[in-house]
Amino acid sequence: MEVRRTAPVKLAVSDEQRDALHETRDQFLWCANRASEQCWNKYDRDECITNKRTAQNALYDELREETDLTANLVIGAIYRAVEAVKGCVERWKKRQRVSQPEFTSWFIDYDKRSSTIHRNEASLSTHSGRVECPFVLPSDSPTPYERYVLNEDYELRTSTVHYDNVTGEFSLHITTRRFDSDEDADGSTDTEHQNRTVLGIDLGVNSLAVASTGTFWQGDDYDHWVREFEKRRAKMQQRGGQDAHRAMARLGKRERAWRKQYLHTTANEIVTEAVENDCSTIVFEELDGIRERLPFAEWHHVWAFRRLYEYVVYKAPERGVSVEQIETAYTSQRCSKCGFTHEDNRDGEHFCCQKCEYAVNADYNAAKNIGLRYARKQYHSLRSRQKSGSGDAPVNVRINRGTMTDDGPRPIAGD
Ligand SMILES: [Zn+2]
């Protein structure tokens, strides 16, 4: 299975570099918005350009002419726009309201050519040559940067520069991934690429979130830091007095900011997972009643699930992806391979089908079921609309290797 991590790293930026990055961002967004305009067709959504190569051929020369950006930044901006347009067209096909994607937030996408990540600094391409920005690494070791970027097991992917206009700080979000040896063989194939594909997400106690592609967001560092904050708070409480009171207020503020940042990063990664796997929809389990369904989840998990969901809902449309919720009865007990549903199938983190002996991580199995349930629902509503039954386009679920489709309801044990 693939494990993906984003390490946010603060950048030390001189005044001159700051100007260069702001100007580069302006030009980058200008390219992305120009590409969005070019690819969008408001009269006929079927005529929108959703192919990266086509968009690049149509616009690349012009944008290179009009801006001072390097080739890979221009291409990055075009690709970002095509992804967003593609997602809008998918949503339009689902009869949702869509409009031409517009980019307004502060970001610059970098790839391996437009940026170089060194041990203590990043070299970033700008409109006026490269800037070398040293990393500002916190003393709380090991940082995500140490664990995922300096770690040989992880492969560097893309990175994005963000700017916080409240603090005036720049940060580089470096995306890495690792492939684990995979005991999970679904044997399914990726055939119907033109069909709609969804990404299922399971929110769980063992991991913060697991995608139907087998990507895990473990949340163990989240737990670790929540506990650290609790310890520090307890110490301050013991001390008592005005100073301790003020220190606790400061700590509370820091903790809230930290949690928010953590969940924003995870939400971004989930949306990226969908985009990179050509998924038009992210499907979550229903959040109502999650407290009751997960009696062993600590309060901060339930809080995190809700925020994470909200952030994904907020971020996904910008990248052309929609977000849905689906009821989750039996998704943890059902075998995603053969459909057999029984409470004995699941034992904590382990899932083992009592019928077909499919053995797999329980959350990953649940994530696939969430995607499959949504796919099945879409399929049936489509059929009932079309009546004739012809021209059905099954909805696929993106899994670890390829996709799978659900071809009908399966019996539940005891039915
Ligand atoms: Zn089974």
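In this report, the structure presented in the accompanying data block is examined. (Residues numbered from 1 in each chain as written. Predicted model: local features only at pLDDT ≥ 70, side-chain atom pairs only at ≥ 80, totals over all residues. Heavy atoms only, no water.)

Some thoughts on the coordination of the zinc ion
The following threshold applies: Coordinating donors are taken as N, O and S atoms within 2.8 Å of the metal, stretched to 3.2 Å for Na, K and Ca; because water is absent from the atoms, sites can appear incomplete. Donor angles set the geometry label: tetrahedral for four donors if every angle is between 85 and 135 degrees, square planar for four and octahedral for six if opposite donors exceed 155 degrees and the others are between 65 and 115, irregular for anything else. The secondary structure listing takes helices from DSSP runs of H or I that are at least 4 residues long and strands from runs of E that are at least 2 residues long, numbered from the N terminus. Each residue's exposure class comes from its accessible area (1.4 Å probe, protein chains only) as a fraction of the maximum for that residue type: buried when under 20%, exposed when over 50%, partly exposed otherwise.
In this structure, C335 (SG), C338 (SG), C353 (SG) and C356 (SG) serve as the protein donors to the zinc ion, at separations of 2.3 to 2.4 Å. In this structure, the zinc ion is surrounded by four donor atoms whose angles at the metal cover 107 to 113 degrees, and the resulting shape is tetrahedral. In primary sequence terms, the donor set of the zinc ion follows C-x2-C-x14-C-x2-C. A residue pair is termed long-range when its members are at least 10 positions apart, and C335 in the loop between β12 (322-326) and β13 (346-347) and C353 in the loop between β14 (350-352) and β15 (359-361) qualify at 18 residues. Comparing C335 with C353 shows no difference in burial state: the two are buried.

Focus on the sheet that holds β14
Heads up, the condition is: The criterion for strand pairing is that DSSP finds at least two bridges linking the strands in question.
One open sheet accounts for three strands, arranged β13-β14-β15; its pairing is antiparallel. Edge positions in the sheet fall to β13 and β15, since each has one partner strand and no second. Inspection of the sheet shows β14 paired to β15 by three bridges, in the antiparallel sense. By the bridge assignment, H350 is partnered in β15 with N361.

Some points on the packing of helix α1 (residues 15-39) against helix α2 (residues 52-66)
Working note: a packed helix pair is described by the angle between its axes plus the distance between those axes. Worth spelling out the cut-off: Angles shown run from 0 to 180 degrees and are taken between the N-to-C directions of axes, each axis being a line fitted to C-alpha atoms and, for helices, limited to the stretch in contact. By convention the crossing between two helices is left-handed if the near helix lies anticlockwise of the far one by an angle smaller than a right angle, and right-handed if it lies clockwise. Any two residues whose heavy atoms approach within 4.5 Å at even a single point are treated as in contact. Residues are grouped as follows: Ala, Val, Leu, Ile, Met, Phe, Trp, Tyr, Cys and Pro are nonpolar; Asp, Glu, Lys and Arg are charged; every other residue, Gly included, is polar.
In the contact formed by α1 and α2, the axes pass within 11 Å of each other and the chain directions differ by 145 degrees. In this structure, α1 crosses over α2, and the sense of that crossing is right-handed. Residues W30, C31, R34, A35, Q38 and C39 of α1 form the contact with α2, whose participating residues are A55, A58, L59, E62, L63 and E66. Grouping the constituent residues of the contact of α1 with α2 by class yields eight nonpolar, one polar and three charged.

So, the pattern of salt bridges
Where we set the bar: A carboxyl oxygen of Asp or Glu within 4 Å of a side-chain nitrogen of Lys or Arg is what we treat as a salt bridge.
In the structure shown here, the tally under the stated rule is 15 salt bridges. One salt bridge connects E169 with K10, and the closest N-O pair in it is separated by 3.7 Å. Of the two residues, E169 sits in strand β7 (residues 169-179) while K10 sits in strand β1 (residues 2-11), which places them 159 residues apart along the sequence. A relative accessible area of 35% places E169 in the partly exposed class. Its salt-bridge partner being D278, residue K86 comes within 3.3 Å of it at the nearest N-O pair. With K86 in helix α3 (residues 71-93) and D278 in the loop between α6 (241-276) and β11 (281-285), this residue pair connects regions lying 192 residues apart in the sequence. Classification of K86 by relative accessible area gives partly exposed; the value is 33%. Judged by its relative accessible area of 36%, D278 falls in the partly exposed class. Among the charged side chains, a salt-bridge network with shared partners connects R34, E62 and E66.

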